[in-house]
Amino acid sequence: MAAKTARNVLLITSDQQHWDTLGVANPRIKTPALDRLCREGTRFDRAYCPNPTCSPTRASIITGQYPAWHGCWTIGVKTPEDVPTVGDIFQQHGYASILVGKAHFQPLKSVPGSESLECQPILRDLDFWRRFHGPWYGFGHVETARMHGDESHVGQHYAIWMEDNGLKNWADYFQPWPPRPQKDQDDRYFLREGRHWKLPARFHHTRWVAERTISNLESCAAAGRPFFLWSSFFDPHPPYIISEPWASMYDPHAMVPGRYTEGEFDRMPPHFAKTRETRPDFSMYDEPGGAGLHGFHSHLRDEQELKKDIACYYGMVSFMDEQIGLILDALDRLKLADNTLVVFTSDHGHYLGQHGLIAKGPFHYEDGLRVPMIVRMPGVPGGRVSRSMQSLVDYAPSFLSYAGIKPPGQMQGVDQTAVWAGRAESARDHVVVENRHNPTKVHLRTYIDQRYKVTVYRGQPYGELFDLEADPRELRNLWDDPSAADLKAKVLHRFVQADLQREPTRMPRVTGA
């Protein structure tokens, strides 16, 4: 098979991008490349992550399994290396399997039995990374890095690229390692005063991901080898910091933050109301085997500062969009566009003031669970908008199906290729989102269909029930509403059925006993 005739797959992802940050749907942001992809493909408005944190969803993308099955149940947990991945299967069929950019399959700590390459001091051991390019999690070729923005976790292939391009003092532009103690440090690590990064844009990791993606596309085209390539951008995941001219691209005064509606947490589980306190105490959620709880802090934020955050966030998206445009142009130049499936999405959502929340946490509103999603499939007319339900757990089996490879039984996602091709209206009538952020005390799951959403908490009497048609802003939790008791029972029964349906069949039954 040749790269110009076989069915190639290019997956492009951002990190923690709110679903409405596409120019075609939001006039306040400029994303011409992604807008082009919408014109040439299909935008899916009901796409969801299988878990609203990075590692579990990323592991679901490559395994086609939910976190409870593949084993990476939250961030800080290693993705088991014995779980079969979509890249393994592609390689068995002669494909190049390539990862460029963020992986986050492993934690920032290595211990016996849970060894990690994505931790210090190995992250900055550039001699190691000059030698290491895989195999790793089904990718035969890997070029990766671990930081967001200017975090101290910088290193790996990205640091090598900066050095090779003349920036020998790259470490001066990032947070120091080991970190220096800071007095009165805000526990919301993602805040950066000024939001302007002195790192020149030509050395930014967004530029690195695009450049190395294009280089790998060129190599596959020259070798005539079909490919599965994941181009994995780091932005707009906080910290809120970006190089010029992107840092000044948007006027903070023109930004429109989401808002908290007075009284909307009155019927919500107790951790929601605590986000409105100046110094909330979340110690009741601590337990052995747990770690830092994302989102369990005060979410009170000065509105003018929040507008500056949004302006920076939009700049991060627009810079990434520019570089995605270069990747799309490269597909055209290399004559690969006509036989390459291009899918764009993000690993989970983000809060920019909606419900008074910022960043992420165990808050299963649409803002945190929905993701932008665009599919451009060769031969399929563009410009469509679909409300068919999509889950990122569907990607692995759908990519294989598109390439003419039968998905294995252990994959739990559904084949969406008929929907992506416009031959079917839908492949699923619901999605399930898991979130086990601590072993038992922060453990919730959500069922969502076209109209209703229900969330259940482990060991707790409280929960959430929303009618997304009558209450699209999710302001009225119906969980304890007597008038919604029948509805609650009906949707909970659907949830149980959905849980049964997603059980995998790794081995077929071949006889009666």
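The text that follows walks through the structure, step by step, so that each part is easy to find. (Residues numbered from 1 in each chain as written. Predicted model: local features only at pLDDT ≥ 70, side-chain atom pairs only at ≥ 80, totals over all residues. Heavy atoms only, no water.)

### A closer look at the overall build of the chain
- Regarding its fold elements, the chain presents 13 helices and 18 strands.
- For 513 residues, the compact-globule estimate of 2.2 N^0.38 gives 24 Å, and the chain sits close to it at 22 Å.
- Overall, the C-alpha framework of the chain stretches about 65 × 65 × 50 Å when taken along its three principal axes.
- A total of 513 residues make up the chain; the buried ones form 61% of that total.
- In the chain, of all internal contacts separated by at least 6 residues, the share reaching a separation of at least 24 is 73%.
- Of the roughly 20,400 Å² that the chain leaves accessible, carbon and sulfur atoms contribute 50%. (Helix = DSSP H or I, 4+ residues; strand = E, 2+ residues; numbered from the N terminus. Rg over C-alpha atoms; globule rule 2.2 N^0.38 Å. Buried < 20%, exposed > 50% of the residue type's maximum accessible area, 1.4 Å probe, protein only. Contact = heavy atoms within 4.5 Å. Areas by Shrake-Rupley, 256 points an atom, 1.4 Å probe, with all protein chains shown as cover.)

### Section: the nonpolar core
- With 113 residues, the main nonpolar core has Phe-90, Tyr-158, Phe-399 and Trp-420 as its most contacted residues.
- The dominant element in this core, judged by the number of residues it contributes, is helix 9 (residues 303-333), at 15 residues.
- Setting aside chain neighbours within four positions, we find Phe-90 in contact with Val-9, Tyr-95, Phe-228, Phe-399, Leu-400, Ala-403 and Ile-405.
- Grouped together as the second largest cluster of nonpolar side chains are 23 residues, Tyr-351, Met-389, Val-431 and Leu-468 included. (Core = buried A, V, L, I, M, F, W, Y, C linked by side-chain atoms within 4.5 Å.)

### Structural notes on the pairing of strand 4 (residues 96-102)
- Among the 7 residues of strand 4, 7 are classified as buried, and the element is accordingly described as predominantly covered.
- Pairing analysis gives 5 bridges linking strand 4 to strand 5 (residues 141-145), with the strands arranged parallel. In the sheet register, Lys-102 faces strand 5, and the bridge partner there is Ala-145. (Pairing = 2+ DSSP bridges.)

### Structural notes on the packing of aromatic side chains
- For the structure on display, the rule yields 35 aromatic pairs.
- Ring plane angle 90 degrees and centroid distance 4.9 Å describe the contact between Phe-128 and Trp-129, whose orientation is recorded as edge-to-face.
- On the basis of an interplanar angle of 70 degrees and a centroid distance of 5.2 Å, the ring pair of Tyr-457 and Tyr-462 is categorised as edge-to-face.
- Here Arg-7 stacks its cationic end above the ring of Tyr-402, 5.0 Å away from the centre of that ring. (Phe/Tyr/Trp six-rings, centres within 6.5 Å; stacked < 30°, edge-to-face > 60°. Lys NZ or Arg CZ within 6 Å of the ring centre and 35° of its normal.)

### Let's talk about the sheet that holds strand 15 (residues 430-436)
- Judged by pairing direction, the sheet is antiparallel, and its 4 strands sit side by side in the order 15-16-17-18 without closing on themselves. At either margin of the open sheet sits one strand with a lone partner, and together these are strand 15 and strand 18 (463-467). Neighbouring strand axes in the sheet, compared pairwise and without regard to direction, differ in orientation by 10 degrees on average. (Axes fitted to C-alpha atoms, helices over the stretch in contact; angles between N-to-C directions.)

### Considerations on unusual backbone geometry
- Pro-121 follows Gln-120 through a cis peptide bond whose omega is 0 degrees.
- Along the polypeptide, Pro-121 turns up in the loop between strand 4 and helix 5 (126-131).
- Residue Pro-236 follows Asp-235 across a cis peptide bond; omega there is 5 degrees.
- Mapping Pro-236 onto the fold places it in the loop between strand 7 (227-232) and strand 8 (242-243).
- Of note in the backbone geometry, Gln-16 takes a positive phi value of approximately 65 degrees without being a glycine.
- Relative accessible area serves as the criterion here: at 1%, Gln-16 is assigned to the buried category.
- In this structure, Glu-474 takes a positive phi of about 55 degrees despite not being glycine.
- With respect to the element layout, Glu-474 can be found in the loop between strand 18 and helix 13 (485-501).
- Here Glu-474 falls in the buried class, since its relative accessible area comes to 2%.

### Looking at the sheet that holds strand 7
- The sheet built from 8 strands is open, its strands ordered 5-4-7-1-9-12-2-13 with mixed pairing. Strand pairing shows two members of the sheet lacking a second neighbour, strand 5 and strand 13 (384-386), which therefore form its edges. This sheet shows a mean twist of 10 degrees between the axes of neighbouring strands, independent of strand direction.
- The pairing of strand 4 with strand 7 spans 6 bridges and is classified as parallel. Opposite Leu-99, over in strand 7, you have Trp-230 as the bridge partner.
- Sheet strands touched by helix 1 (residues 32-40): strand 2 (42-44), strand 9 (340-346) and strand 12 (373-376). Its angle to strand 12, the strand with the most contacts, is close to 55 degrees.

### Quick look at helix 6 (residues 156-164)
- When you tally the buried positions in helix 6, you get 8 out of 9 residues, the bulk of the element.
- Residues of helix 6 that are buried include every one of Gln-156, His-157, Tyr-158, Ala-159, Ile-160, Trp-161, Met-162 and Glu-163, and no others.
- On its buried side, helix 6 packs onto helix 5, strand 5 and helix 7 (205-223).
- Looking one or two places after helix 6, you find Gly-166, whose phi comes out positive at around 100 degrees.

### Description of the packing of helix 6 against helix 7
- Closest axis-to-axis distance for the helix 6/helix 7 pair is 11 Å, and the angle between their directions is 90 degrees. The angle between the axes of helix 6 and helix 7 places the two elements in the roughly perpendicular class. Contact with helix 6, carried on its side by His-157, Tyr-158 and Trp-161, involves His-205, Arg-207, Trp-208, Glu-211 and Arg-212 of helix 7 and no other residues of that element.
- Here the contact of helix 6 with helix 7 is composed, by residue class, of 3 nonpolar, 2 polar and 3 charged. (Parallel < 35°, antiparallel > 145°, perpendicular 65-115°, else oblique. Nonpolar A, V, L, I, M, F, W, Y, C, P; charged D, E, K, R; others polar.)

### Details of the side chain of Thr-42
- Mapped onto the elements of the fold, Thr-42 is located in strand 2.
- Here Arg-384 takes part through its side chain, which lies 2.9 Å from a polar atom of the side chain of Thr-42.
- Once you skip the residues sitting within four places of it in the chain, Thr-42 turns out to touch Met-373, Ile-374, Val-375, Arg-384, Ser-386 and Trp-420. (Polar contact = N/O pair within 3.5 Å; in protein donor to acceptor, adjacent residues only side chain to side chain.)

### A few points about the packing of helix 1 against helix 9
- Interaxial distance between helix 1 and helix 9 falls to 7 Å at its minimum, and their mutual angle equals 50 degrees. Put simply, helix 1 runs oblique to helix 9. Of the residues in helix 9, those touching helix 1 at Pro-32, Ala-33, Leu-34, Arg-36 and Leu-37 are Asp-321, Ile-324, Gly-325, Leu-328, Asp-329 and Asp-332.
- Residue composition of the contact of helix 1 with helix 9, by class: 6 nonpolar, 1 polar and 4 charged.

Function cannot be inferred from these measures alone, as they are strictly geometric.
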